[in-house]
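Reading the structure
This is what each chain is made of:
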Amino acid sequence: MPPKTQLNDAFAASLENWMPKTATWLLAVSGGLDSMVLLHFLHRVGYGSLVICHVNHQLRGDDSRRDADFVSEAASVLGLECERVEVDVAGHAASEKCSIERAARELRYQALARIFDQRECRGVVTAHHADDQVETVLINFFRGSGARGISGMEAVSKRDDSKLEIFRPFLLIPRRELERYAGENGVEFRQDASNFEDFALRNRVRNTLVPTLNEVFERDVSGAVLRAAALASRDEAWMSEAQGQLPQKENGLDVALLREMSAAVRDRLLLRWLRENRVPDCGYEEVSRLSRIVLSDGNPAKGNLPGGVHARRRAGVLFLEKDGEAVD
């Protein structure tokens, strides 16, 4: 497991190597423990040019509004500007036929991207921590998403669908350290009761799967999960360099060239292609479906993918379409 990190001056000094204090940072703040500790810590150690953004998902009635008011007041006390954005997560989930989790994530990052551009920020800073990383790795593992998914989140990453760059300074810090810091420094925060409900997959992983794994193995499995993520990240970096370019042809991929590749390289390229085309929630099953289409001389020449996307093979080209139109 990566070394345990504490929120102290040494950690603050290490951040300056990749998060300069002179830059303007857009800070995503929900009002919960994690993001309020992030806000308090960065402000305390000298990050003076922070723009706070609170995205109200409008899922919890008056509680959602109170969260927004709480964040605005906290920003005002620190002399910081706060951008408040309201999004219709429930409506977006219904119109796009997707989960509430995915709808909230999409709309949240769209809002952050708009403010990021308007404010000319260096990057967006989120409060994802080591416990979040464990949950992400487990979710991706059971979805069969391969080495990239098992690698989990990166400390710095870019969204595929925008130029938004996301910084996660707390990624190696366990939640218990955030709790310790909040207690010692009097950091106030809002408790989201929905975090304890099992309607969302991540909640079920956090509240049921991780405790069960700890019980079965009679120890905290977080260290093993984080080590596996670190090793997978190294393997993925090496393979990404070795696999080369996508075999582009017209509006899709060259089937003949895909057939000449080893299964390992072909499957990684197909997964990358799906992600670059923003096909959601793709993993082993979806890539296997594409491979069957590529390797078959007859049927199947078409396969269904998440998000209402279809993969087709025609005249030696593998391409994607949605609602009868080609996916760009």
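In this report, we go over the structure that sits alongside the text. (Residues numbered from 1 in each chain as written. Predicted model: local features only at pLDDT ≥ 70, side-chain atom pairs only at ≥ 80, totals over all residues. Heavy atoms only, no water.)

1. Examining the sheet that holds strand β6 (residues 165-167)
For clarity, the cut-off: Two strands qualify as a pair provided DSSP detects at least 2 bridges between them. Think of it this way: any DSSP run of H or I at least four residues long counts as a helix, any run of E at least two long counts as a strand, and we number them from the N terminus. Think of each axis as a best-fit line through the C-alpha atoms, taken over the contacting stretch in the case of a helix, with angles from 0 to 180 degrees between the N-to-C directions. Contacts are assigned to residue pairs with any non-hydrogen atoms lying within 4.5 Å of each other.
Reading across the sheet, the 6 strands line up as β3-β2-β1-β4-β6-β5 and stay open at both edges, with mixed pairing between neighbours. Each edge of the open sheet is held by one strand with a lone partner, namely β3 (81-86) and β5 (156-158). Strand-to-strand twist of the sheet, defined as the mean angle between neighbouring strand axes without regard to direction, takes the value 30 degrees. Sheet topology places strand β1 (residues 25-28) next to strand β4 (residues 123-125); 3 bridges connect them, and they run parallel. When the bridges of β4 are listed, L26 appears paired with V124. Those strands touched by helix α3 (residues 62-77) are β2 (50-56) and β3, and its axis lies near 175 degrees from that of β2.

2. Considering the packing of aromatic side chains
As a reminder, the rule being used: The pairing test for Phe, Tyr and Trp rings, Trp by its six-membered ring, is centres within 6.5 Å, and the orientation test on the planes gives stacked under 30 degrees, edge-to-face over 60, and tilted for anything in between. Think of it in three bands: residues with accessible area under 20% of the maximum for their type are buried, residues over 50% are exposed, and the middle band is partly exposed, with areas taken using a 1.4 Å probe on protein chains only.
Under the defined criterion, the tally for this structure stands at 7 aromatic pairs. Here the aromatic rings of F141 and F142 are separated by 5.0 Å at their centres, their planes lie at 80 degrees, and the arrangement is edge-to-face. We classify F141 as partly exposed; its relative accessible area is 48%. With relative accessibility at 58%, the residue F142 sits in the exposed group. Each member of the aromatic cluster is reached from another via a ring pair, and the members are F11, F41, F170 and Y181.

3. Digging into the state of the cysteines
Heads up, the rule is: We call a pair of cysteine sulfur atoms a disulfide whenever their separation is within 2.5 Å.
For the structure shown, the criterion picks out 0 disulfides. This cysteine, C53, is not joined by any disulfide, and C82 carries the nearest cysteine sulfur, 7.4 Å off. The class of C53 is buried, set by a relative accessible area of 2%. Here C282 stays unpaired: no disulfide links it, and the sulfur of C98, its closest cysteine neighbor, is 14 Å away. What makes C282 buried here is its relative accessible area of 11%.

4. What to know about a nonpolar patch on the surface
Going by this rule: The patches described consist of residues with a relative accessible area above 30% and no salt bridge, like charges being joined within 9 Å and nonpolar side chains (Val, Leu, Ile, Met, Phe, Trp, Tyr) within 5 Å. Computed with the Shrake-Rupley method and a 1.4 Å probe, the accessible areas treat only the protein chains shown as cover for residues. In the sections that follow, a salt bridge refers to a side-chain nitrogen of Lys or Arg positioned within 4 Å of a carboxyl oxygen of Asp or Glu.
There is a patch of nonpolar side chains on the surface, built from L59, I100 and F199 and spanning about 260 Å² of accessible area. With respect to the helices, strands and loops of the structure, I100 is situated in helix α5 (residues 100-119).

5. Concerning the pairing of strand β9 (residues 302-305)
With burial as the criterion, only one face of β9 is covered, namely that bearing G303 and L305; the residues K302 and N304 on the opposite face remain uncovered. Pairing of β9 with strand β10 (residues 309-314), which is carried by 4 bridges, proceeds in the antiparallel orientation. Bridged to N304 within β10 is H310. Linkage of β9 to β10, two consecutive antiparallel strands, is achieved through a turn of 3 residues, within which G307 is found at a positive phi near 75 degrees.

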